[in-house]
Structure formats: structure tokens, C-alpha cells
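# Working through the structure, step by step
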Amino acid sequence: MGKVEEFEELRPLLFSIAYRILGSVGEAEDAVQETWLRYDASSTRPVSAKAFLSATVTRIAIDVLRSARVRREKYVGPWLPEPLLDDPYEDPARAAELADSVSMAALLLLERLSPLERSVFVLREVFAFGFDEIATAVGRSETACRQLLVRARRHMHDGRPRFEADRRERQELARRFFEALTQGDVDGLQNLLSADVQLMGDGGGKAPQLARAVTGAENVARLLATVYPLMARIDITFEPHEVNGQPGALFRDRDGKILHILALDTLDGQIQTIRAVINPDKLSHLGPVADAWAVDREVKQTRKTP
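The model shown is predicted, which means the values in this text are computed figures rather than measured ones.

Looking now at the pattern of salt bridges. For the structure on display, the rule yields 22 salt bridges. Between R222 and E218 there is a salt bridge, with its nearest N and O atoms 3.3 Å apart. With R222 and E218 both in helix α11 (residues 217–233) and 4 residues apart, this pair spans about one turn of that helix. With relative accessibility at 46%, the residue R222 sits in the partly exposed group. In this structure, the salt-bridge partner of R275 is D265, at a minimum N-O distance of 2.6 Å. Of this pair, R275 sits in strand β6 (residues 270–277) while D265 sits in strand β5 (residues 258–267); the two residues are 10 residues apart in sequence, bridging distant segments of the chain. For R275, a relative accessible area of 8% corresponds to the buried category. Under the relative-accessibility criterion, D265 is labelled buried at 9%.

In C-alpha cells, the structure reads:
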């Protein structure tokens, strides 16, 4: 097998590692591309292409994350990961763990960790790498990596996200949610939301967004039931789709351009959190992006029209 074939076979794994460390599709893709350039430029063939490439993409991702954190400190409003519709890496034996580890809740929890802690946690807990491989990837001793993992687990333990175990139950709950949303059914929505449900949006200052998170089943239900029927009147449509391994949907304008995505966290038969990504920079990898400001103006005008 040549270098190109080796790399392409491992590309899904490399992207999945980088995305979980970075929480950004674009940055993960760039990290994978830089990994290929370094591999292609190497004059020697490693004993294990998987070990070499995984270590390389991890080191690149750590460097990128360190600089990204400075930018995130200046981010306008809540920061959410770039939505991922399909995780290219598949391991049937660990499908549930992989899906949970890429959820927005999990990625936001990983933001609490240092770049090294996050990388060690991802390599060990998600992809089950050996400590010898992890030590090579992050440039620390095996003992140090074990200590980093202990600290990472401690940070992650209390806030570790829990989701509806049965995928069909999640999908059915999401179906009922979007049906009630389309109908503007306040009571129907409220019955599906947990008492302390939270609705948050990420516009990054580049699209209309909530001034602050909305909490409470009644508040969230009334807001959603007011806004979405108005959006339907100007031909905003949605298509259900898993977002970061959890139920969600893509919303499009009348020209089919992506307006935003919604991702739902569900547990015990109720929706716990609703996250909306509206920042166009975080949607461009999904296709042409709508002008959210123009849509917002049209919605407001529609509200005034009988």
C-alpha cells in the first residue's frame, strides 16, 4: 500500500481525532491536510502509519487549539462547536461512545480541559489508544499522560452528558418536537421540554442571536411557538438530521440556503437543551449559507402583517 492509500484509509480517524480536540470542522480539516503534507514530505516510512499519523494530527491540533482559545475569549456571545452532521469514523463496537463523545454537550465539557488534558482524554477514552502511543503523540512520558488523564476525568466526571439511550426514542421525541414547533403548539412544546430546559444560540456577532440563554419550559415554548410559525410564512423549511450524533435539524431559506441548525439534548423522555448555531462561518462547510439578517428583517415585517 502506498502513502496515499495508507493516508486515505486513516483519514476518517484523523479527522475524528482532530474534530474532538478542536470542536471545529474547518480547523480539523486543515489539521488533517497539514498531517498529510508532513507525511508526504517524510523520507522514511514509519513502522505504523496509524501511530505516526495519529500522533502528528494530535500535535497539530494541540497547537491550533492553544491559539484558538485566545480567539474564543473574545468571541461575541456563547461559543458552540461547529456542527457535524456525519462522523466519518465508524467502529460498530463503540458506536454509542463515539456518538456521545462528539455531541455538543461533550465538546463543550471538553472546553474545560487544557489542550494536553483534552488530547489525552480523547485519545484514551474515545479511541482507546495505548499510553505508549499517547505519550508519543503529546510529547510527555507515560506517567505524565496517566496523570493528565486522571485530571481530565476529574474535570469531566460531574458534568459528563447523559442522553436518551434508545436512538428510536430520541428520534420519536425529536419528531414530536418539530411537529409541535411547526404548528406553533405552546402546550405541545412545553410537554416535551424539561422544567429547566435551556435554549441558547451562537451567532458570533455575525447573525441575529439571543441576548442571553432562555430557560424554563414555558419561556422556551412560548418563544419557539411565536417565532417558527412566522418563519414558515416566509418559506423557511427544515429537514430533520442528526447533529453531532444527537437529534436535530437543518433550517433553510426559500432558496434552499442554510439558515441555522438546531441540536437537541434529550433525557428521560424530555428535551434538556436546545442549541442553535447561526454564525455563518460555522455553517459554510454544510453548503451555501442564507443571509440571516435579511431573514430576521422579513420575519419582523411578517409579524406586523395580519
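In terms of burial, β6 is largely enclosed, as 6 of its 8 residues are buried. Pairing geometry for strand β1 (residues 193–202) and β6, over 6 bridges, is parallel. Among the inter-strand pairings, L199 is bridged to a residue of β6, identified as I274. For β5 and β6, the ladder comprises 7 bridges, and the chain directions are antiparallel. Within β6, the residue paired with T266 across the bridge is I271. Remark: 2 residues form the turn of the hairpin made by β5 and β6, two consecutive strands paired antiparallel; D268 in that turn has positive phi of roughly 55 degrees.

The subject of this paragraph is the environment of V227. By secondary structure assignment, the location of V227 is in helix α11. As for V227 and I134, which are separated by 93 residues in sequence, their C-alpha atoms are 48 Å apart.

What follows concerns unusual backbone geometry. The phi torsion at A128 lies on the positive side, around 55 degrees, for a residue other than glycine. Looking at where A128 falls in the secondary structure, it is placed in the loop between α6 (115–126) and α7 (131–138). Of note, the phi angle at D268 is positive, near 55 degrees, even though the residue is not glycine. For D268, the location among the structural elements is in the loop between β5 and β6.

The next point concerns the side chain of T302. Tracing the backbone through its elements, the reader meets T302 in helix α12 (residues 292–304). Only 2.8 Å separates the side chain of T302 from the backbone oxygen of E298, close enough to count as a polar contact.

Further remarks concern helix α8 (residues 142–157). For the α-helix, the turn length of 3.6 residues means that residues three or four positions removed from each other point alike. If you check α8, its first and last C-alpha atoms are 22 Å apart, about what 16 residues at 1.5 Å a residue would give, namely 22 Å. Among the residues making up α8, those that are buried are C145, L148, L149, A152 and M156. Each buried residue of α8 lies within a common arc of 105 degrees when the element is viewed along its axis, so the set occupies one face. Those residues of α8 that are exposed and aimed more than 90 degrees away from the buried face are T143, R154 and H157. Check the buried side of α8 and you find it contacts α5 (104–110), α6 and α7.

Cut-offs used in this document
Residues numbered from 1 in each chain as written. Predicted model: local features only at pLDDT ≥ 70, side-chain atom pairs only at ≥ 80, totals over all residues. Heavy atoms only, no water. Salt bridge = Lys/Arg side-chain N within 4 Å of Asp/Glu carboxyl O. Helix = DSSP H or I, 4+ residues; strand = E, 2+ residues; numbered from the N terminus. Buried < 20%, exposed > 50% of the residue type's maximum accessible area, 1.4 Å probe, protein only. Pairing = 2+ DSSP bridges. Polar contact = N/O pair within 3.5 Å; in protein donor to acceptor, adjacent residues only side chain to side chain. Expected span 1.5 Å × (residues − 1). Arc of directions from axis to C-beta. Contact = heavy atoms within 4.5 Å.

Distances and angles like these do not, on their own, reveal function.
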